[in-house]
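Reading the structure
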Amino acid sequence: MNHFCFKLLLTIGISTAVLFISCQNSPKESNATYDIGLVESQKITLPIDENTYYLSKRIFQCEENDKEYLAFGSFEKRAYEIILYDLEKQDIHKRVALSKEGPNGVPVASGFKPLGDSRNFLIFQNSASRLSIVDDKGNLIKYYSVRSKDGRFIPCYDGFSYFHLPSFMKDSVVYFHAETGKPDMKHYEWINVPMFSCLDLKTGKTGNPAINYPPIFTQNIKNVAGGDWFCYDYNYKEDLVVCSFTGYDSLMVSKDLKSAEWYNGKSRYLKSIKPKLYEANGLVWLREATESPAYHNIMYDKYRDVYYRFVEMPYELQPGDSPVEDPKAREFSVIIFDKDLNIIGETKFPGNKYFYKMSFVGRDGLYISENNLANPEFDEDKLVFACFKLENLNKKEQ
């Protein structure tokens, strides 16, 4: 077969596959009503000391013995610990000091996740390709080296709330965000990249579920710096994972980590946006990615059986701002979905008060941090969260 015929058949094959999967990717029809909004109901204030940085990329709510806690990962400053806050008392319940070396050493901790309660924690050590389990006294219970089938070490990116990558458990298996793949990937190669990795805590075996990146990238760029990434959350009630791609209106939902369905997740404040790859040309692509509108975290609220999707509004970097840092005054919105992933509301927030990347779901509502440098009331010596409750806006108007 000559080279021309081979290229022709390859092109036809790829085009057919993309067309077929694109049909599968068509989102289900929207039943958006916008009847529900988020209304601030109260604030909580939590103490921090000089060893604790107010901005944590790892905060998770957990419960134990009918008590509600916020687990706050403090890895940025001199402290190397997990602080457990009692949300009712708004004070420190206990500190879990982590060791960087020795018999209980968990070096280079990058993220964590409470294992059901406040007594055990799964520690992600990205650069060490290791997962560790520690108890609430900082004792190392067990650790696992995370490797692929061919023996390569696998980065462990989860345990973040800043980009909502919470990891989740099914039986004895923990699932987490997979490595993105090799640099300079072509747009057609992404469909071969797994979205998740998994580790069986009983056997120590690692693997990848069958679900890969969907065929959402179409740009044919020669020198790729990166592509739109995704955040996700897991609904334990329905046994499904919901994924939010930064540059895609639709939500991807999987019940078996093999196949996926798509649901409308478009913000009413944005024009339709599509996923894209960014060309490696220094800070130019980073500036473009920072200023462009984007979808961010997706969170499941088990108490009210709804989902929240955070949306970043378009933004223009100000003189002196770095595209490497988070914009300080960026407006955002939160789309609210019912249990069937129909849009039931969307609330827009000002950019000079809240820091939406530090948010968590609690018993009383959705908590969003007020530790924003642009907030006139900002105080780096305490953590302040506003609690938002769902409210029927139609009833409020009557």
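Everything discussed here concerns the structure shown above.
Everything in this summary refers to the structure shown in the same document. (Residues numbered from 1 in each chain as written. Predicted model: local features only at pLDDT ≥ 70, side-chain atom pairs only at ≥ 80, totals over all residues. Heavy atoms only, no water.)

What follows is about unusual backbone geometry. Even without glycine at this site, Gln90 takes up a positive phi of about 55°. Structurally, Gln90 can be placed in the loop between strand E4 (81–86) and strand E5 (91–97). By relative accessible area, Gln90 is classed as partly exposed at 28%. With a phi angle near 60°, Leu257 is a residue other than glycine that sits in the positive phi range. Along the chain, Leu257 falls in the loop between strand E17 (251–254) and strand E18 (261–263). (Helix = DSSP H or I, 4+ residues; strand = E, 2+ residues; numbered from the N terminus. Buried < 20%, exposed > 50% of the residue type's maximum accessible area, 1.4 Å probe, protein only.)

With that out of the way, let us pick up the side chain of Asn375. Within the secondary structure, Asn375 sits in the loop between strand E25 (366–369) and strand E26 (382–392). Separated by 3.1 Å, the side chain of Asn375 and the backbone oxygen of Glu370 make a polar contact. Side-chain polar atoms of Asn375 contact the backbone nitrogen of Glu377, separated by 3.0 Å. Apart from residues lying up to four places away in sequence, Asn375 is in contact with Asn352, Lys353 and Glu370. (Polar contact = N/O pair within 3.5 Å; in protein donor to acceptor, adjacent residues only side chain to side chain. Contact = heavy atoms within 4.5 Å.)

On to the layout of surface pockets, then. By volume, the second largest pocket amounts to about 670 Å³. If you trace the second largest pocket, you find 28 residues lining it, with Gln61, Lys113, Asp233, Tyr236 and Lys302 closest to the centre. Classifying every residue of the lining of the second largest pocket by side-chain character gives 17 nonpolar, five polar and six charged. (1 Å grid on protein atoms, 1.4 Å probe; cavity = no way out; pocket = protein on both sides within 12 Å on 5 of 7 lines; lining within 4 Å. Points joined across faces, edges and corners; volume = space filled by probe spheres on them. Nonpolar A, V, L, I, M, F, W, Y, C, P; charged D, E, K, R; others polar.)

Okay, the sheet that holds E26 next. As summarised here, the arrangement of the four strands in space is E1-E26-E25-E24, forming an open sheet in which the pairing is antiparallel. Every interior strand has two partners, whereas the edge strands, strand E1 (36–47) and strand E24 (355–361), have only one. Going from strand to strand, the sheet's axes swing by 30° on average, the running direction of each strand aside. Bridging between E25 and E26 involves four bridges; their strand directions are antiparallel. Bridging from a neighbouring strand, Ile368 pairs with Ala386 of E26. (Pairing = 2+ DSSP bridges. Axes fitted to C-alpha atoms, helices over the stretch in contact; angles between N-to-C directions.)

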